[in-house]
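Descriptive structure summary
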Amino acid sequence: MSSRQGPRWTQSLLIGIRGDDKPGESGDSGESEARLGLPREGSGSMASWPRRVGALLIDWLICTWAITQGIFGVPANEYPLVPIAILAAEYILLVGTMGMTLGMRLTGIRVASADGGRPAVPAVLLRTLLLCLAIPALVWDRDRRGLHDRAAGTVVVHL
């Protein structure tokens, strides 16, 4: 592929930088924000992976221990789909109404639509379904968006 052609969709999903990029080019976070029309720093800029993973970990712990085992008394190791269903309900309810989950609020991030507003309900449903499958969230494009965000037309940004 020549350097003038854009990457095929499969190549853009491989972790971050394409092989023909030089350091500081398309893998640079500033260019990702510019491509998506987001500010480079501050409120509305793209959230980092550590914040996103931290938010998901907090949400997972809340759904597994506090709700599944604490409130419902269901052992999560015996019924592994119960915490996933509760996590999905949390995401649909909270992201659909407030744009963020409890873990996202604690880490200072939120989900936004491509235009910066609150994501629409169908986008939240699609994003949540793909997030619960885990694989789409683990594969991201060079703009640091997981497949679940890309498919739903959303981006995770700083508050």
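Up top is the structure.
**Overview of the nonpolar core**
Judged by nonpolar contacts, the single largest core of 15 residues is most densely connected at Y91, V95, M104, I109, V111 and V156. Listing elements by their share of this core, those giving two or more residues are α3 (49-71), α4 (81-97), β1 (109-113) and α6 (121-133). Looking at this core element by element, the count peaks at four residues for α4. Residues contacting V111, with those up to four places away along its chain left out, are V95, G99, M104, P119, R127, T154, V155 and V156. One finds L38, M46, V155 and V157 within the second-largest nonpolar core, a separate group that totals five residues.

**What about the layout of surface pockets?**
Rolled over the atoms, a probe sized like a water molecule indicates the empty space that remains. What the largest pocket holds in volume is close to 390 Å³. Around the largest pocket, the lining is made up of 19 residues, and of these R52, L56, L131, A137 and H148 lie nearest the centre. Elements that contribute at least two residues to the lining of the largest pocket include exactly α3, α4, α6 and α7 (135-138). The leading source of residues in the lining of the largest pocket is α3, at six residues.

Reading the values: rules and limits
- Residues numbered from 1 in each chain as written.
- Predicted model: local features only at pLDDT ≥ 70, side-chain atom pairs only at ≥ 80, totals over all residues.
- Heavy atoms only, no water.
- Core = buried A, V, L, I, M, F, W, Y, C linked by side-chain atoms within 4.5 Å.
- Buried < 20%, exposed > 50% of the residue type's maximum accessible area, 1.4 Å probe, protein only.
- Helix = DSSP H or I, 4+ residues; strand = E, 2+ residues; numbered from the N terminus.
- Contact = heavy atoms within 4.5 Å.
- 1 Å grid on protein atoms, 1.4 Å probe; cavity = no way out; pocket = protein on both sides within 12 Å on 5 of 7 lines; lining within 4 Å.
- Points joined across faces, edges and corners; volume = space filled by probe spheres on them.

Remember, this is a structural readout, not a statement about activity or role.
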